[in-house]
Amino acid sequence: MSEVLEFDGVSVAFGRVRAARDVTFALRRGRVLALVGESGSGKSVTATAALGLLPPSATVTGSIRLSGEELVGAPPGVLRAVRGARIGTIFQEPMSAWNPVYTIGAQIAEAVSVHRRLGRAALRTRVLSLLSSVGLDEPDRIAASYPHQLSGGQLQRAMIAMAISGDPDVLIADEPTTALDVTVQAGILALLRGLRDTAILLITHDMGVVADLADDVVVMRAGSVVESAPAERLFDAPAHDYTRALLAAVPSLTGEFPAAPATSAAPVVSVRDLSVVYDRRVRAVDGVSLDIPAGTVVGLVGESGSGKSTIGRALAGLAPVTAGTVTVGGVGLGAASRRDLRAVRTRIGMVFQDPASALDPRRTVGDSVAEPIVLHSRATDARTRVAELLDAVRLDPSLAERYPHELSGGQRQRVVLARALALRPALLVADEPTSALDVSVQAGVLALLASLQREHGFACLFISHDLAVVRSIAHRVAVLHRGRVVEEGTTGKVLTAPEHPYTRRLLDAAPVADPRRQRARQASAS
Amino acid sequence: MTEMVFSAPPAAQRAHVWRRLRRDRWAVTGGVVAVTLVAAALAAPLLTRVSGHDPYTYDLDAVSGGGVPLGAGGGIGAEHWFGVEPMTGRDLFAIVLHGARTSLLVGVGATLVAIAIGVALGATAGFAGGWWDALASRTTGVVFGFPALVFMIALSAVAPPEIPRLLLVVLVVGFFGWPPIARVVRAQTIALRERTFVVAAVALGARPHQVLWRHILPNLLPTVLVFGTMLVPSMIGMEAALSFLGVGVPPPTPSWGRSIGDAISWVQLDPMYLLFPGGALFAATLSFNLLGDGLRDALDPRLRELRR
Amino acid sequence: MTWIPRRLGGMLGVLLIVSFLTYTLLIVAPSDPALMSCGRPCTPDRLADARAFMGYDQPLLGQYLSFLGGIVTGRTFGDGAAAVECAAPCLGYSFRLGAPVTELIAERAPVTFSLAVGAAVLWLLLGVTAGTVSAVRRGSLLDRAAMTLSVAAVSAPAYLVGLIGLLIFGFTLNVVPVSGYVPLTESPVDWAWHLVLPWLVLALISAAVYARLTRTQLLDVLGEDFVRTARAKGLREGTVLRRHGLRNTLVPIVTYFGLDLGSLLGGAVLTERVFSMPGLGSLLIDAYGNADLPVIIGVTVFSAAVIVAANAAVDVLHGVLDPRQKGNR
Amino acid sequence: NPSGPPGETTAQKGGTLRILSSASEFDLDPAKSQSLAITSSGLVLRRLTTWDISPGKPPAVVPDLATDTGTTTDGGRTWTFTLKDGLTYPDGSAITTRDIKYGLERSFAPELSGGLGYHKALLAGGDAYRGPYSGQSLDSIATPDDRTITFTLTSAYGDWPWIVSMPAFAPVPKAQDDPADYGKNPVPSGPYRIASYTAGSEAVLERNPAWKQETDPVRTAGPDRIVFQLGQDTTVAAQRLVADSGDDRSAFGANFVPPAQLAQAQANPAVKDRIVTSSPGALAYLVINTKRVTDLRVRQALAYATDKRAYQVASGGETGGGLATTLITPGIPGRVEYDLFPADPAGDATKAKSLLAEAGRTAPRLTLLVRSDGQWSSQAQALQQGFARAGIQVELRTEEYEAWREHVTSGDRDDWDLTLTSWQPDFPSANGNIQPLFASGEIGGGGFNLSRYSVPEVDALIARATAEVDPAASQALWAQADRRILQDVPVVPLIYTRNSFLRGSAVQNFVIGEFPAYPNYLKVSLKQ
Ligand SMILES: Nc1ncnc2c1ncn2[C@@H]1O[C@H](COP(=O)(O)OP(=O)(O)OP(=O)(O)O)[C@@H](O)[C@H]1O
Ligand SMILES: Nc1ncnc2c1ncn2[C@@H]1O[C@H](COP(=O)(O)OP(=O)(O)OP(=O)(O)O)[C@@H](O)[C@H]1O
Ligand SMILES: [Mg+2]
Ligand SMILES: [Mg+2]
Ligand code: NI
């Protein structure tokens, strides 16, 4: 087994913040190494160091060798030849990683032609085939779309297509499936598994994915590697306490369902026959009706691109509604005056799917979290409240004075969640609020949500691709497929006795955090 | 960044910016020069008392019969530190110093007026869209397409003499300076308003003015700083043009713009006449720009710890 | 596509307002066109004659309406043997120059266009290049040198730069012609040769703002995540800067460029004067000096139209440059 | 006295002469032209009489198309002229007095206003006449045959021979009159005709084959071609002429050399020779608005306080002009020199103060209206500081030329006390110095009596002098009027300006006579 990419005592520091300390591991051809660990533990930073793409404020020490060639401090020419061609990268936050002014197709084509000359037609064919290979069924439309016209999952898959376009020796996949529903995720995992010649560095929080794909696992915490072992051994006999805690926190598809609260008279949210059409062509939401009673968490699951985020935005009056009505707190959003709309919005907490772009780059994290408080109350102690909120989402309150770009993906996601919770909303619209969180932090955040929810009884639309997460928090579940609600009911009923074939497929595709069982499932599937 | 402060309150942030600004050698240089110039302008009467010449008294013995300053370098010497003005023999040091009062006031004042109108209109138009955008855009078009010269000539006739000329100049020059700013700001605002973090603020129920103030404006600031600092010299030039049309500060009140305008044709015979007021304008502009750049970079969180 | 008529309506509205305001202001303005064409000596009788002939004895609104009418249908001035025909679109008739304003503009516009467009291309190149260098080498000596140069350029009056350029390249080195304009159709080489210096002068002065604007915008963009993605593809730094950096800074630059070019097309007064170019700027300035109202109004309306059109073009471009803005016109 | 090239050399033929002019239009329509007999329009159009201008000699009116300078039998009310033999247009047809009559008639048409119009008020029936285009003719111009023309005036006018040297007295064949375009393509009677004209940039003159040297004593027609380069910035043009390279060697500037370039050129021995400076010519003067500054003592105080020296320096020093004390300018026949307010050139502040004290106005505040073009602003500042020494506070108000002109000539906008201007008569007679500026009929309505000076005694004196046909008698009357007017101090004479021009090294016979202070284009030739 040849070592393609070796990390040897790599440390990364941002001023006095030591993001990674003495990290050592190696990737081998044809094998998948999973890098797991706490959110903010330095996973992304370590991986990015290999590409020499950390911001100038970072100092990298140690050694990273690609087939023996040193990358740390390598001249720009060397790094450029490596990037894209020998190391492909899937970045963690797909939405902000795309250039907003070019179509997806053009950006992939650019990546393809950096390292290989192709004619126009050949280039186009290649782009389209790459897009279909990642499970996008309308490659033409996707290629012609601008980033803002696509859903999070679509962008993520396009990003994967771009990363593998150069047939790299090494693929760095930073949370490649965070925005994907389990059916699509299964397809992507199969695709990655198929890249037999490539060494893959897989960064993920999803132990199911790890179990499915990884050959070796490295566990990081607070910048250091705490354990590294072959996958099966790690799952069987985790050596480190943190690893054990991590595995214990993996949510499962078994156990108690949250008890549905007594439904009160008027639902907080009432959606009737909602349709949303983008650009006169893309029917993103098609006649959806949905109620969210007070005190109820409705989980919205469904295929990537099925319109989940669109519905979430519609609840805050942010989507171009073409038909139907959305009533929130008794106010019909379509006909509401600006003032009413604003009044409604102050009572909605909104977590956008892409935390990186949802934060003002010129404001500190603390400022962003304090914003709703400053906007709507004359509270003088915003600082204490901000500290409280950050603490609640398990962030060190000292992060408050950092800027968004100085945080890790999971940290940003929690900042956005903290902001949404700041005013104790009557309705929380959470679009993939925990997708970037490792299971232990995720468990904590879910517990927080559940307890807040019990305490304040807010209604919640919880959009997630992770059935286990939905199962642990949602009282009711709606399943969305191609813009329509195909099934709706209590969590217990939908997840144990699914009626619609799509729901069944969803349930079947969810990976479990056990390498042996995953392997068995793969064998029976193929 | 390492102190365990909770959410950084504006004051702390300001301190932060200030600290970074102070570390920028160029910005500090710019600041020192700017402050010196302003101080010199304020103290002009005092300083000219020291130098012994006011900017109004003719000294025909210092120039030849044809009006050319006698002596080297346009008459530079212990008597006249910057030499004298051709044709009049007035003391150039006093003229440049007193000119700073007019020019800095007009340059900075008019720039502020232009920026205030331009940003207010551009940002609200871009953000609100709809009829307000249409109205504001049309107004911008009208003012921009409007023959400023005609207006100024008309104004010179109708403006009652009671209105202080300096105020009038600041307003007029500022007024015709805003349309480009408004257009650029509008375009950027439209781009910004689609950004998720702005949408997020809207979704929080922020009022339009709050969104503008808290998210749009800070992100427009770099652009506005650039325009602000680049506008100052052209405003000073405009002041000179205005006084030519009779709306400006009437002669013999000195101003850099007028001195520079007069000096151009003397550039070969008496380059010092151009050099001093021109150099003063250049120093002022450069210092504002250095300061502006420093501020821009200090305010940009992404450039925070970038070391050279 | 419903925005097209709306947009055109808006443009027309702007032009109407501009022309009306100009008309009104010129009436308020303390100058009497009849006085300028009364001759010497001038008697009150002759003055009244001249005024009546030029139509300035009519009420303001009537004058304005006939002006508008002339644009659509053309006009006839005077009567009998001395009547002059002014075909549509008639922007008025200059009695001083003895020619319809439309014709005057048509004669002068190519000069101004040649001057403006060439200079604009140059200054855009110059400015954006300098700005890019500044941004990439932020804080370096190069950055500061570029800034110092651009500040020097904006602080310098166009007339001065033109004069010095002429002194050096025209008189001393004798490498470029010192005055005049040769139509492009006559000899493209001579055309360009006569224009090199004016182009350079205008470009030098105007490039500064673009340099500064590019620098600040580019610094913003270079911090975005997608630039990292572009680098991760293995693109050359130059390509990253051009395709991903500069491309995303275009909106403000193009906006400003549109305005700048638009107003320049209305005449570059000082530059035209230094280089003795018979462009719209010199036509207008001359008209001011002689109270030639028809020319002032005609040129004003024409340049307002150019500016408004440039603005509209820029707005349409926004949609192309930033796909997120489509539909926001 | 004029410096520059010594005397006249014989005119060499050939070459292309370039004339750099700041004017941007070139319109030779005789009805609309205000050009002097010896400048551009004189190259193309001949009139009944013209000027013989040579350095060191007083200006003389000489026959041009006519055989003599006119005869009158009734003491100056009717004047008769006869055309020379053999005068033709390029198409071979003869120049007739009918064409001259027609040319004059069309100058009355409102659509062709704008030219020198002294004749319009003088010709009988002229005030009511509105040109030939509506079918009327002016009967006070009689053409008994093709070669004779007789003018009947409203009253006797001794200077009529000068009047008929003005552009409107050029022949215009009726058949070829196109009022809108005639100025761009006039039918030539002089040595040149317009070969091409590019709006705003250049006009090219070429030889008129029909012109015969023997009929024309004043034009030498040296160059083969004359190119007017229009719209030239005066500073740049001066720099070009200083540089004297290539084609510019055979060029001269039609505009005054700006002071800075003049000083620069004078400092350069190689260039100094090529500066041509006129004798003292136009009168630059301070206008006092007598409607507002009514107290004679205050006006006298102003006269004493005036710092003529600073004004002179601001005008370019000695080369800018000599100090002035009279209204009639040097070079005008019959001028008598005197000084009513003798003082140091820098002014007599003490005397001024005592006059003000007498008047009971020790610190008057006055508004000085300044036009924004040229050097008026610096000249105004020069006066301002002088007045300040006598305790007179003068506030400057700048206005664009046209606005200024409307302000000072319309007669109904009396919100100013002082203004600055200069005046050069349109023909070399003291009449031209005095009548337009001080006759009460010239107040307002576009007239140039800016002081609003109205004294019946002076009006009568002017009328007498105007009617006098005997030159000596009339000159004496004008000199008397000069002194009489200045006693009332409606104006303060400042300097008699001298104009400086630059020529290229190949330009010859570029000379300025005693009047006017402009070069004589008609005799310029090129070194071959
Ligand atoms: N602005 C837009 N213009 C055009 N099409 C759009 C736009 N926004 C979304 N779409 C399309 O609408 C569909 C639904 O998008 P949406 O973001 O709601 O999906 P989603 O269910 O949230 O998917 P994911 O799980 O991948 O985030 C997708 O096919 C997407 O391409
Ligand atoms: N530019 C920066 N400046 C300062 N600190 C940074 C910067 N980028 C990252 N960090 C910090 O470095 C640490 C490691 O970040 P990294 O992005 O590697 O985390 P991660 O393990 O990928 O977490 P997640 O799972 O949440 O994405 C975090 O604590 C983060 O706050
Ligand atoms: Mg990460
Ligand atoms: Mg989504
Ligand atoms: Ni997940």
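Residues numbered from 1 in each chain as written. Chains lettered and ligands numbered in written order. Predicted model: local features only at pLDDT ≥ 70, side-chain atom pairs only at ≥ 80, totals over all residues. Heavy atoms only, no water.

In the nomenclature of an unreviewed UniProt entry, chain B is known as Peptide/nickel transport system permease protein of Catenuloplanes niger. Annotation of chain B in UniProt includes, under Sequence similarities (unreviewed entry), the sentence "Belongs to the binding-protein-dependent transport system permease family." Under the heading Subcellular location (unreviewed entry), UniProt records this for chain B: "Cell membrane". (UniProt positions renumbered as here; feature names shortened; annotations may be inferred.)

Draft legend 1. Main features of the site of ligand 1. Residues and elements named next belong to chain A. Taken together, 21 residues surround ligand 1, and among them Ser 151, Gly 153, Lys 308, Ser 309 and Thr 310 come closest. Here Arg 141 contributes a side-chain N or O atom positioned 2.7 Å from an oxygen atom of ligand 1. Note that an oxygen atom of ligand 1 is positioned 2.7 Å from one of the backbone N or O atoms of Gly 305. Relative to its unbound accessible area of 640 Å², ligand 1 is 92% covered by the protein chains. Counting only elements with at least two residues in the shell around ligand 1, the list comes to helix 6 (152–164), strand 12 (282–293) and helix 11 (308–315). Here the residues of the shell around ligand 1 are counted per class, giving 5 nonpolar, 13 polar and 3 charged. (Near = heavy atom within 4 Å. Polar contact = N/O pair within 3.5 Å; in protein donor to acceptor, adjacent residues only side chain to side chain. Areas by Shrake-Rupley, 256 points an atom, 1.4 Å probe, with all protein chains shown as cover. Helix = DSSP H or I, 4+ residues; strand = E, 2+ residues; numbered from the N terminus. Nonpolar A, V, L, I, M, F, W, Y, C, P; charged D, E, K, R; others polar.)

Draft legend 2. Just the coordination of the magnesium ion (ligand 4), in detail. Residues and elements named next belong to chain A. On the protein side, the magnesium ion (ligand 4) has Ser 309 (OG) and Gln 353 (OE1) as donor atoms, found 1.9 to 2.1 Å from it. Here Ser 309, found in helix 11, pairs with Gln 353, found in the loop between strand 16 (348–351) and helix 13 (355–358); they are 44 residues apart in sequence, far enough to count as distant. Under the relative-accessibility criterion, Gln 353 is labelled buried at 17%. (Donors = N, O, S within 2.8 Å, 3.2 Å for Na, K, Ca; no water. Buried < 20%, exposed > 50% of the residue type's maximum accessible area, 1.4 Å probe, protein only.)

Draft legend 3. Fine view of the site of ligand 2. Residue and element names in this part refer to chain A. Around ligand 2 there are 21 residues in total, and Ser 39, Gly 40, Ser 44, Ser 408 and Gly 410 lie nearest to it. One of the side-chain N or O atoms of Gln 92 is found 2.8 Å from an oxygen atom in ligand 2. Burial of ligand 2 by the protein chains amounts to 93% of its free accessible area of 630 Å². Put simply, the parts of the chain that give the shell around ligand 2 at least two residues each are helix 1 (43–51) and helix 16 (409–421). Here the residues of the shell around ligand 2 sort into 6 nonpolar, 11 polar and 4 charged.

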